[in-house]
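What follows is each chain in one-letter form.
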Amino acid sequence: MTPDMILTNARILTMDPARPRAEAIALAGDRIAALGSRAEIERLAGPATKVIDCKGRTLLPGFVESHLHLVLGGTELTHLQLHGADGEAALTKAFRDFAAANPASPLLMAQGGHYTLLDHPLTRHDLDRIIADRPIAITSHDHHTVWANTLALKQAGILGGLKTPPGHEVVMGADGQATGELLEFEAFAPVVALGGENALYLGIATGGEPSPWPTEAEQAIHRTKATKGLAHAAAHGITSIINMDGNRYTLELLRGLQRAGGLTARVKVPFHFKPHMDLSELDRAAEMTRDFNDEWLSCNFVKMFMDGVVDSRTAYMLNDYPGHPGHRAEPLFPGPRFNAVATEIDRRGMQIAVHAIGDAAVRTTIDGYEAAQKANGKRDSRHRIEHIELIDQADVPRLGALGITASVQPVHAPGAMDFPLFPTLDVIGKNRWNDAYLCRSLAEADAHLAFASDWPVTDISVIRGIHAALTRPTYDGGTDQRVPLDDVLRAYTAGGAWAAHMEGLTGTLRPGMAADVVVLTGDIEATRPEDVAGLGIAMTIAGGRVTHQG
Ligand SMILES: [Zn+2]
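One structure accompanies this document, and this report is about it. (Residues numbered from 1 in each chain as written. Predicted model: local features only at pLDDT ≥ 70, side-chain atom pairs only at ≥ 80, totals over all residues. Heavy atoms only, no water.)

Now for the nonpolar core. In a soluble, globular protein the nonpolar side chains are often hidden away together inside. Residues F63, L182, M304, L399, L442, F451 and I466 are the most contacted members of the largest nonpolar core, which totals 107 residues. With seven residues, the top contributor of residues to this core is helix α6 (residues 185-194). Excluding residues that lie within four positions of it along the chain, I466 makes contacts with F63, L485, V488, L489, Y492, I524 and V532. Counting 20 residues, the second-largest nonpolar core is a separate cluster that includes I12, C54, V517 and I541. (Core = buried A, V, L, I, M, F, W, Y, C linked by side-chain atoms within 4.5 Å. Buried < 20%, exposed > 50% of the residue type's maximum accessible area, 1.4 Å probe, protein only. Helix = DSSP H or I, 4+ residues; strand = E, 2+ residues; numbered from the N terminus. Contact = heavy atoms within 4.5 Å.)

Structure, rendered in structure tokens:
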């Protein structure tokens, strides 16, 4: 078959141990037709073949992003981005420009607000001075707080307060009315709903489905947001996405894009199992798995949260938090319950991905996977643990031994990219820095590694992620956790594909595999680690189709 496209004069790293390097690659339809030397491949060209000279740049399998939130990230791209807008004057200008550009938006929502935007805690009165006659709101950069103006609170029906579950709070003022500060999802959900975006948050918030089901017009708006997310991913070289929130609606939304030819990355979407759910709700996961099962859109996995995060001391720990005697936080699934849930998911043949940040959460999760294996026998399950920010040394070898994937985000390690060293490292305590944000130690103990950003929690850029993994600082008293370039690239390609049961489709460059390719703007092997962040994405190809050109 005559190739449609040949990329030649490239430094190709195939991630295929049988043939790690090549100079040129031929693509035919949605598949890789051949790899080899320039002479071998260029001679395959026909009159209609597009031949691209890569000028000695690195060419890799398209990146597999192992943990992100596609629709939420895409949604946030449609919001006002506040980066650098500090102080009332800058905030006012940013919001008024955004309002003028979006005259029909029912809610003017901003992203990336810092807790020190103004010189005092933000209130609805501050926001009223900026815009009072349209509902406006700001989401904090950590996604745990929203500030809203008076009209937004009024329209959301929470100006007079709201009954919320523990940990979620509509903060009330001395005047008996909401101050505008809304803590955690249940508190700000009514404001988010004003923007028509609540349906998009259910996959992470409740795991339920929108009710009523969004109208065709609403779905069209939601598809636009997903499209923005996909374009953003393609611009960063990503051709496969493991989404880490989900429900059937997310899959239906993406199927709409797929039918219209707009699905530019392979996406796996989980069923989100929440602590309140009965095991019988896994029937819904089985139905999603049955109904979405092609090379571009699939399910077959269940996402769960075992704990919270370090900074708010909601990560479940084996020891007391320093300075907080008796406080280790609680697991969202106590051990015996998690064992039962994990065993049932495993019995149904599905994969499990558990958010576990504290060392006790990690241990409880490993115990559950071990229990499932004991009950159901060893199968090719590839269960995964997401984050692993703290792990007891005794548990490190258990990952490799049980075939568990460590789905870690090198960019989350304090000091590695955008997150500062403190207060996080103080919350963990210096005596545990040797067990925190491990990467190299996990790899050396034979854990499968899959890397990711957790976008929109951090920048989606894989290049910056590679840079972070190569240059991550060593903590005082800790060991060097930098990972060699080849292992880093593997964790963003073949490792991620394996962890997602997609190694027969993508993640390596071999004849017959999907034509998922990324070309960088330089030769990454010839670039010093500290300079890697200066590289860019020259071209992304997913399934033979160019999805980004730099
Ligand atoms: Zn996440």
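That shown, we press on.
On to the sheet that holds strand β24 (residues 517-520), then. With mixed pairing, the six strands of this open sheet are ordered in space as β3-β2-β7-β24-β25-β26. Every other strand in the sheet has two partners, leaving β3 (21-22) and β26 (545-549) as the edge strands with one partner each. Sheet topology note: the strand β2 (residues 11-13)/strand β7 (residues 58-61) ladder contains two bridges and is parallel. Looking at β7, one finds that I12 is bridged to L59. (Pairing = 2+ DSSP bridges.)

The next subject is the packing of helix α8 (residues 216-235) against helix α9 (residues 248-259). Interhelical geometry of α8 versus α9 gives an angle of 80° and a closest axis separation of 10 Å. Classed by the angle they form, the pair α8 and α9 counts as roughly perpendicular. Contacts between α8 and α9 involve Q219, H222, R223, A226, T227 and L230 from the former and Y249, L253, L254, G256 and L257 from the latter. Looking at side-chain class alone, the contact of α8 with α9 contains six nonpolar, four polar and one charged residues. (Axes fitted to C-alpha atoms, helices over the stretch in contact; angles between N-to-C directions. Parallel < 35°, antiparallel > 145°, perpendicular 65-115°, else oblique. Nonpolar A, V, L, I, M, F, W, Y, C, P; charged D, E, K, R; others polar.)

Right, let's get into the pairing of strand β15 (residues 238-243). Consecutive side chains of a regular strand alternate in pointing toward one face of the sheet and then the other. In terms of residue burial, β15 counts as a mostly covered element, since six of its six residues are buried. Two elements, β15 and strand β16 (residues 266-268), share three bridges in a ladder whose sense is parallel. Directly across from S240, in β16, lies its bridge partner R266. Remark: the β15/α9/β16 crossover connection has right-handed handedness. (Right-handed = clockwise from strand over helix to strand, strands pointing away.)

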